[in-house]
Amino acid sequence: MKTLVYGAGVLGSYLAHVLIRGGNDVTMLARGSRAEELKQGGLVIRHYFQLKTTTDKVKVISTLAPEEHYDLIFVVMKCNDFPAVLPVLAANASSNIILVGNNPEAHDTQRILEELSGNKKNIAFGFQLSGGRREKDRMICVRAGGQMVLGALGGAVPFQDMLVRSFAHTQYKLSFLEDMDTWLKSHIITILPMNLATFAVKGDVKKLARNKKLLQQIITAMDEGFSVLEKLGYSVVPKGQVKAVRSYRKLTYMFLKLYHSLPVARMVAGSAQELVALNSAFDRLKQQAGIATPVWDELADRSGEI
Ligand SMILES: NC(=O)c1ccc[n+]([C@@H]2O[C@H](COP(=O)([O-])OP(=O)(O)OC[C@H]3O[C@@H](n4cnc5c(N)ncnc54)[C@H](OP(=O)(O)O)[C@@H]3O)[C@@H](O)[C@H]2O)c1
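Keep in mind the model is a prediction, meaning the values are calculated, not measured.

Cut-offs used in this document
- Residues numbered from 1 in each chain as written.
- Predicted model: local features only at pLDDT ≥ 70, side-chain atom pairs only at ≥ 80, totals over all residues.
- Helix = DSSP H or I, 4+ residues; strand = E, 2+ residues; numbered from the N terminus.
- Buried ≥ 20, exposed ≤ 12 C-beta atoms within 10 Å, placed from the backbone.
- Contact = placed C-beta atoms within 7 Å.
- Pairing = 2+ DSSP bridges.
- Axes fitted to C-alpha atoms, helices over the stretch in contact; angles between N-to-C directions.
- Core = buried A, V, L, I, M, F, W, Y, C linked by C-beta atoms within 7 Å.
- Near = placed C-beta within 6 Å.
- Nonpolar A, V, L, I, M, F, W, Y, C, P; charged D, E, K, R; others polar.
- Parallel < 35°, antiparallel > 145°, perpendicular 65-115°, else oblique.
- Left-handed = near helix turned anticlockwise from the far one by under 90°.
- Domains from an automatic or database assignment.

### Details of the environment of Lys286
Thinking step 1. One can find Lys286 in helix α11 (residues 272-289).
Thinking step 2. By C-beta crowding, Lys286 is classed as buried, having 21 other C-beta atoms within 10 Å.
Thinking step 3. With 190 residues separating them along the chain, Lys286 and Asn96 place their C-alpha atoms 33 Å apart.
Thinking step 4. Setting aside chain neighbours within four positions, we find Lys286 in contact with Val228, Ile291 and Thr293.

Below, the structure is given as structure tokens:
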């Protein structure tokens, strides 16, 4: 399958590696020094849990010409980076596009892309359940098996068969969801409080693990966030996370404490710009719902980023 991975950061690099090893014809769109790095040294990934480093040869482009056609385009970047690439995708001849990453306002993104596009676009949204960070000349990837949850906004993904074929010879799992928009909205409710708290301790997650008040605030902020979604008529997915926060608070506290004291918590990258963009999206949801979220707001103030 002729595939473009647009965005050559941590998770785009991992996805490109999976697709190359799965026998696809993969091109990466990278810019600046990252493009040079990929051209000269190949796609180098340190697989954190697997204790191995892989290097793949990959085709690299730095601009997407309108007439260049791909069977599939995966756009893997931070939520705040999407607006800049929508006009480029709109002008391109390819139809099948999967926007991968956090996006609590997926309907708006889809509408803008459709309005800008001269040709019919089939649009899906995905989220990779892995993490990692970049080092000087390589990506560190933290993952269990390699998995993406994905779905279209209204009905099934029209190019689902094509997606399944492109991952057929990989160990990577695709989980198609009926309501990806709700999944993406639910996801920010769990990760934003944790990221806000991480910024509040200036990235010192061990310090966070020892801070009872901050850990408790994370849980209360999640609870407030779920209330906002419920008021707007969304049924949080996966359901278990609401139960964890409301019925098993002590256990959730222990989990957060343990997670933030482990080295793996330091391997997952967060970005201040994305945090600001996601929190603004949450603010809009909160205003629509008309619900106060005092603990969430205090956490946002303490983060120093918002
Ligand atoms: N990394 C993690 O641990 C992790 C975990 C869970 C979820 N996520 C989510 O997954 C998504 C992707 O994260 P990531 O860590 O892979 O991000 P990332 O490392 O920042 O990668 C994004 C890539 O997109 C590129 N890019 C941005 N705008 C571009 C443009 N206009 N043209 C060309 N390239 C552009 C960036 O290039 P430059 O480097 O030149 O800016 C960067 O290489 C985010 O929503 C993130 O929150 C990440």
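So, next bit.
### Considering the sheet that holds strand β3 (residues 43-47)
Thinking step 1. Judged by pairing direction, the sheet is mixed, and its 4 strands sit side by side in the order β4-β3-β10-β9 without closing on themselves. Edge positions in the open sheet fall to β4 (52-56) and β9 (131-134), since each of these has one partner strand only. Recorded for the sheet is a direction-independent mean angle of 25 degrees between the axes of neighbouring strands.
Thinking step 2. Sheet topology note: the β9/strand β10 (residues 139-142) ladder contains 4 bridges and is antiparallel. In the strand pairing of β10, Arg133 is matched with Ile140.
Thinking step 3. Most of the contacts of helix α1 (residues 10-21) go to β3, to which it runs at about 100 degrees, and overall it touches β3, β4, β9 and β10.

### Details of unusual backbone geometry
Thinking step 1. Omega for the bond connecting Val237 with Pro238 falls within 30 degrees of zero, at -15 degrees, which places this linkage in the cis form.
Thinking step 2. Here Pro238 is to be found in the loop between α8 (212-231) and α9 (240-246).
Thinking step 3. Even without being glycine, Lys202 reaches a positive phi, approximately 55 degrees.
Thinking step 4. With respect to the helices, strands and loops of the structure, Lys202 is situated in the loop between α6 (180-200) and α7 (205-210).

### Structural notes on the nonpolar core
Thinking step 1. Ranked by size, the top nonpolar core spans 88 residues in total, and within it Met28, Phe74 and Val75 carry the most contacts.
Thinking step 2. The element contributing the most residues to this core is α6, with 10 residues.
Thinking step 3. The residues contacting Val75, other than those within four sequence positions of it, are Tyr6, Gly7, Val85, Leu89, Ile97, Leu99 and Val100.

### A short note on the site of the ligand
Thinking step 1. Lining the immediate surroundings of the ligand are 24 residues, of which Gly7, Gly9, Leu11, Gly101 and Gly131 lie closest.
Thinking step 2. Secondary structure elements with two or more residues in the shell around the ligand: α1, α2 (32-41), α3 (82-91) and β9.
Thinking step 3. Top element by residues in the shell around the ligand is α1. It accounts for 3 residues.
Thinking step 4. Residue composition of the shell around the ligand, grouped by class: 11 nonpolar, 8 polar and 5 charged.

### Side note on the pairing of β3
Within a regular strand, the side chains alternate between the two sheet faces.
Thinking step 1. When β3 meets β4, the two strands line up antiparallel, connected through 5 bridges. Looking across to β4, one finds that Val44 is bridged to Thr55.
Thinking step 2. Connecting β3 to the antiparallel partner β4 that follows it, the hairpin turn spans 4 residues, and Leu51 within it adopts a positive phi of roughly 55 degrees.
Thinking step 3. By the bridge criterion, 3 bridges tie β3 to β10 in an arrangement that is parallel. When the sheet's bridge partners are listed, Ile45 is paired in β10 with Met139.

### Considerations on the sheet that holds strand β8 (residues 122-128)
Thinking step 1. In space, the 8 strands of this open sheet follow the order β5-β2-β1-β6-β7-β8-β11-β12, with mixed pairing throughout. Two strands lie at the open edges of the sheet, namely β5 (59-61) and β12 (173-176), each paired on one side alone. On average, adjacent strands in this sheet sit at an angle of 25 degrees to one another, irrespective of strand direction.
Thinking step 2. Sheet strands touched by α1: β1 (2-6), β2 (25-29), β6 (72-76) and β8. Its angle to β2, the strand with the most contacts, is close to 165 degrees.

### Description of the packing of α8 against α11
Thinking step 1. Where α8 meets α11, the closest approach of the two axes is 9 Å, and the angle between their N-to-C directions is 55 degrees. It follows from the interaxial angle that α8 and α11 lie oblique. Considering only the axes of α8 and α11, their crossing is left-handed. Touching Gly225, Val228 and Lys231 of α8 are Phe282, Leu285, Lys286 and Ala289, all from α11.
Thinking step 2. Taken together, the residues that form the contact of α8 with α11 break down as 4 nonpolar, 1 polar and 2 charged.

### Let's talk about the domain arrangement of the protein chain
Thinking step 1. Here the protein chain is partitioned into domain 1 (2-178) and domain 2 (182-303).
Thinking step 2. A separation of 26 Å is found between the C-alpha centroids of domain 1 and domain 2.
Thinking step 3. Facing the 19 residues of domain 1 at the interface are 15 residues of domain 2.
Thinking step 4. Those elements that place two or more of their residues in the side of domain 1 that touches domain 2 are β8, β9 and β10.

### Here we look at the environment of Leu229
Thinking step 1. Among the secondary structure elements, Leu229 is positioned in helix α8.
Thinking step 2. Classification of Leu229 by C-beta neighbours within 10 Å gives buried; the count is 23.
Thinking step 3. As for Leu229 and Lys286, which are separated by 57 residues in sequence, their C-alpha atoms are 8.3 Å apart.
Thinking step 4. Residue contacts for Leu229: discarding those within four places in its chain leaves Lys185, Ser186, Ile189, Tyr234 and Val236.

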